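Inside the fold
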Amino acid sequence: ALHHTTGTGRDAAGYGQVAVRNRQTRSCRRLGDGQYDITIRNDGTAPAEEVEVYCSFDDGLQFPGKVEKELRRNIGRVAGGESQTMSLTLIAGQLGRHCAQFTIKSRGEEVVWKSVCTDVVEQSLSLDVIGPAERTVGSRAEFTITVSNAGRRVLHGVQAELTYAG
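Keep in mind the model is a prediction, meaning the values are calculated, not measured.

Calculation rules
- Within every chain, residues take consecutive numbers counted from 1 along the sequence as written.
- Note on the predicted model: pLDDT of at least 70 is required for a residue's local features to be given, and 80 or more for side-chain atom pairs to be given and counted; whole-chain, interface and lining totals, by contrast, use all residues.
- For side-chain calculations, the full set of non-hydrogen atoms in the structure is used, while hydrogens and water are omitted.
- Note on aromatic contacts: the rings of Phe and Tyr and the six-membered ring of Trp form a pair at centre separations within 6.5 Å, being stacked when their planes are under 30 degrees apart, edge-to-face when over 60 apart, and tilted otherwise.
- Put simply, a charge is over a ring when the Lys NZ or the Arg CZ is close to the ring centre, within 6 Å, and near the line of the ring normal, within 35 degrees.
- Per the convention used, a helix needs a DSSP run of H or I reaching at least four residues, while a strand needs a run of E reaching at least two, with both numbered from the N terminus.
- Relative accessibility under 20% of the residue-type maximum defines a buried residue, over 50% an exposed one, and the middle range a partly exposed one, all with a 1.4 Å probe and only protein chains included.
- Here, patches come from residues exposed beyond 30% relative accessible area and free of salt bridges, joined within 9 Å for like charges and within 5 Å for nonpolar side chains (Val, Leu, Ile, Met, Phe, Trp, Tyr).
- Accessibility throughout is a Shrake-Rupley quantity obtained with a 1.4 Å probe, and a residue counts as covered only by protein chains that appear here.
- Counted as salt bridges are all cases of a side-chain nitrogen of Lys or Arg within 4 Å of a carboxyl oxygen of Asp or Glu.
- Per-residue confidence from the prediction method is given by pLDDT, with values spanning 0 to 100.
- Residues count as neighbours in contact if any of their non-hydrogen atoms are within 4.5 Å of one another.

**Focus on the packing of aromatic side chains**
In total, this model carries zero aromatic pairs according to the counting rule given. Looking at K105, its charged tip hangs above the ring of Y54, at a distance of 4.5 Å from the centre.

Put into structure tokens, the structure is as follows:
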């Protein structure tokens with residue numbers, strides 16, 4: 001499971017910003033998948049040309065199916081006042097604090113960067129909910145909820161609460 005994301009950043013040129021958000025995913029492989037949403041925002045009025053996103057990360061994180069520790073993605077052009085968002089999944093393979101640094105370049109020049117650190121902790125519970133995606137008016141919707149101990153410790157006093165929003 002991935003918890004507690006912190007980040008720092010720098011705007012080198014005064015016309016770019018990057019926001020990185022980590023959102024925990026439902027399924028976990030090994031210790032877990034970390035979903036990062038990277039938003040590149042051009043706060044200026046002129047377009048940013050040849051924009052590229054670079055991501056480097058430490059040994060506790062890996063990109064699915066790759067051994068490289070740095071990834072690059074070409075975004076192209078970001079018009080003034082506009083933003084683009086992309087997602088990146090990194091797999092946490094070790095417990096502890098692991099960091100990823102995101103660098104945004106325009107025409108080969110660094111304009112902004114942000115470092116995001118994530119505490120990877122052992123997952124203690126997993127929850128699966130299986131049921132219909134939609135039902136007709138008046139019909140019953142039955143769900144199967146499975147709570148599993150995914151850790152190595154015996155857990156006492158575990159409670160599940162089901163709420164309905166709608």
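**A closer look at the environment of T89**
Within the secondary structure, T89 sits in strand 7 (residues 83-92). Relative accessible area serves as the criterion here: at 23%, T89 is assigned to the partly exposed category. Through-space distance from the C-alpha of T89 to that of Q35 is 4.6 Å; in sequence the pair is 54 residues apart.

**Structural notes on a nonpolar patch on the surface**
Together, L125, L127, V129, F143, I145, V147, V158 and L162 give the surface a local cluster of nonpolar side chains, amounting to about 720 Å² of exposed area. For the nonpolar patch, the secondary-structure elements that each account for two or more residues are strand 10 (125-130) and strand 11 (144-149). It is strand 10 that contributes the most residues to the nonpolar patch, three residues altogether. Position of V129 relative to the elements: it lies in strand 10. Classification of V129 as partly exposed rests on a relative accessible area of 41%.

**Section: the pattern of salt bridges**
Here the structure, examined in full by the defined rule, presents four salt bridges. The residue D43 makes a salt bridge to R41 at a minimum N-O spacing of 3.5 Å. Taking relative accessible area as the criterion, D43 reaches 41% and is therefore assigned partly exposed. Given the relative accessible area of 32%, R41 is considered partly exposed. A salt bridge links E52 to R72; the shortest N-O distance between them is 2.5 Å.

**Concerning the confidence of the model for the chain**
Residue-level pLDDT values for the chain average 76, and 80% of them are 70 or greater. Here residues 1-15 is modelled with pLDDT under 50, and outside its nearest four sequence neighbours on either side it reaches 53 contacts, counting other chains as well. Contacts from residues 24-30, a stretch scored under 50 in pLDDT, to residues over four places away or in other chains number ten contacts.

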